Amino acid sequence: MDKDFQEEQFTGIIKFIPPLYKQRYQFVKDLVEKHKPKKVADLGCGDCTLLWMLKYCSCIEVLAGLDVCANTMKENMHRLTPLPGDYLQPTERSLTVTLHHGSVAHKDPCMLGFDLVTCIELIEHLEESELKKFPEVVFGYMAPSIVVITTPNSEFNPLLPGLILFRHPDHKFEWNRAQFESWALEAARSYDYSVEFTGVGQPPTGMENVGFCTQIGVFIRKCPPTVESAQSEKPTEAVYETVFKAVYPSLTDEKYLQNAVVSEVIFTAQIVKQSLLDHLNLEPEEYSDEPTERELEFQPSMNYFSEDLATLVVENSMEPFVSGNVVYIPLTTIFSFPKVNQLCGTFEKLCELIAGKVTLSSDGSAVMLSTEYENEEN
């Protein structure tokens, strides 16, 4: 269900800028930027908007969403699918996104090991029996380092014209600040967390006493659970249904790393080649099998290359040179470029990744490019 839609009908009258739901999501993003979690789970993910925003955070490697409404997730999960640009320019980090259908009142091992768990406008949708199980599932079983819970502040409701009872027809309750703080402090005490209270949605001037429109509790686990407690009550049976999974292309995958390195090597070689040709100040059609006087001036030993090009390149660390209608760019030169060096790490890794993918000299020490533009298909 869209938990924000009904609320925005009322809060829109107050003219929150940015809209209240965006302020909640920005609060989470700011928290992510501060704590740099690698694994984040959004319970009650709904239309996947928060997950879509978080997938751009460079620190996150695993994103998971959970909701009781499978249809809403399925209608919006396309937003989490990798785009063509993700394949053209893979990032250095890995990213896996999954969506699960299930209830926060149930335990499933797929939700273990997360650094941050968010529950944005979720608890007020829970039945009493579900709310009782919620702390044990989230704080006791999942036991993430940080938990963020947002919920409406009922003290703000009188300021929302047209609101009769709750902000959304599916809400089972809406707490005032004292009620939320009492519940949160008890949960924190029971599971060894600390909790700080804040909110988003400032009240109008002169009405500050009602507090934020949305109240927020940020729970921080005091210490990691012991190995014994972490393993003692962890059921192995999966109860959630996985409705979506996407693994984003990244340079941690050898296949994508190779593609990136090959593209960068070819691009770099083309830059070096063009620089050399510009230096010689020759048009492509002017090249012939015999070196010109200008070529001989640029590279005195060029007339000797035909005897053993590869050996000279390796043993004498030759600069890029032209022989006939071929430009030779030593791999050592290409490896010296920062982007290539960063991608490969070592010269040996460079040679391994481009083997069979780039045209090389006989001993594999130099990239070979034609001086004729029309022959450069790469």
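None of the values given here were measured: they were computed from a predicted structure.

Enquirer: Help me get a handle on the overall build of the protein, residues and values and all.
Expert: When helices and strands are counted, the protein shows 14 helices and 11 strands. Within the protein, the proportion of its 378 residues that are buried is 47%. Surface accessibility of the protein: about 19000 Å² in total, with carbon and sulfur atoms responsible for 52%.

Enquirer: Describe the packing of aromatic side chains, naming the residues involved and giving the relevant values.
Expert: Tallied over the full model, the rule gives 15 aromatic pairs. Measuring from ring centre to ring centre gives 5.6 Å for Trp175 and Trp183, while their planes differ by 45 degrees; the resulting arrangement is tilted. Pairwise contacts between aromatic rings join Phe134, Phe173, Trp175, Phe180, Trp183 and Phe197 into one cluster. One residue, Lys39, lies across the ring of Phe114, its end atom 5.1 Å from the ring centre.

Enquirer: Mind laying out the pattern of salt bridges, listing which residues take part and the relevant values?
Expert: Scanning the model with the defined rule gives 10 salt bridges in all. With a closest N to O distance of 3.4 Å, Glu33 and Lys36 form a salt bridge. Residue classification places Glu33 among the partly exposed positions, given a relative accessible area of 42%. Judged by its relative accessible area of 47%, Lys36 is partly exposed. Residues participating in the shared-partner salt-bridge network are Glu254, Lys349 and Glu352.

Enquirer: Provide a residue-level description of the environment of Glu208, including the pertinent values.
Expert: As for its position among the elements, Glu208 is in the loop between β6 (193–200) and β7 (214–221). Residues Glu208 and Phe156 lie 52 residues apart in sequence; the distance between their C-alpha atoms is 9.7 Å. A polar contact of 3.0 Å, which involves the side chain of Glu208, links it to the backbone nitrogen of Gly206.

Enquirer: Give a detailed account of the sheet that holds strand β8 (residues 241–248), specifying residues and quantitative values.
Expert: Pairing is mixed across the open sheet formed by eight strands, whose spatial order is β6-β7-β5-β4-β1-β2-β3-β8. In this open sheet, the two edge strands, each paired with only one partner strand, are β6 and β8. The mean inter-strand angle of the sheet, taken between neighbouring strand axes irrespective of direction, is 15 degrees. Against the sheet, helix α2 (residues 20–35) touches β4 (116–120), β5 (146–152), β6 and β7, its axis set at about 170 degrees to β4. Sitting on the sheet, helix α7 (residues 177–190) touches β5, β6 and β7, and the angle it makes with β6 is about 155 degrees.

Enquirer: Which residues make up the side chain of Arg167, and what values go with them?
Expert: Position of Arg167 relative to the elements: it lies in the loop between β5 and α7. Within the structure, Arg167 has its side chain in polar contact with the backbone oxygen of Asn153 (distance 2.9 Å). Reaching out from Arg167, the side chain makes a polar contact with the backbone oxygen of Cys213 at a distance of 3.0 Å.

Enquirer: Any details on unusual backbone geometry? Residues and values, ideally.
Expert: Peptide bonds are mostly trans, and most non-glycine residues show a negative phi. For the peptide bond that leads from Ile17 to Pro18, omega is -5 degrees, which places it in the cis range. The phi dihedral of Lys36 falls on the positive side, at around 55 degrees, and the residue is not glycine. Position of Lys36 relative to the elements: it lies in the loop between α2 and β1 (39–43). Unusually for a residue other than glycine, Glu121 sits at a positive phi of about 50 degrees. With respect to the helices and strands, the residue Glu121 is situated in the loop between β4 and α6 (128–142).

What counts, and at which threshold
Residues numbered from 1 in each chain as written. Predicted model: local features only at pLDDT ≥ 70, side-chain atom pairs only at ≥ 80, totals over all residues. Heavy atoms only, no water. Helix = DSSP H or I, 4+ residues; strand = E, 2+ residues; numbered from the N terminus. Buried < 20%, exposed > 50% of the residue type's maximum accessible area, 1.4 Å probe, protein only. Areas by Shrake-Rupley, 256 points an atom, 1.4 Å probe, with all protein chains shown as cover. Phe/Tyr/Trp six-rings, centres within 6.5 Å; stacked < 30°, edge-to-face > 60°. Lys NZ or Arg CZ within 6 Å of the ring centre and 35° of its normal. Salt bridge = Lys/Arg side-chain N within 4 Å of Asp/Glu carboxyl O. Polar contact = N/O pair within 3.5 Å; in protein donor to acceptor, adjacent residues only side chain to side chain. Pairing = 2+ DSSP bridges. Axes fitted to C-alpha atoms, helices over the stretch in contact; angles between N-to-C directions. Contact = heavy atoms within 4.5 Å.

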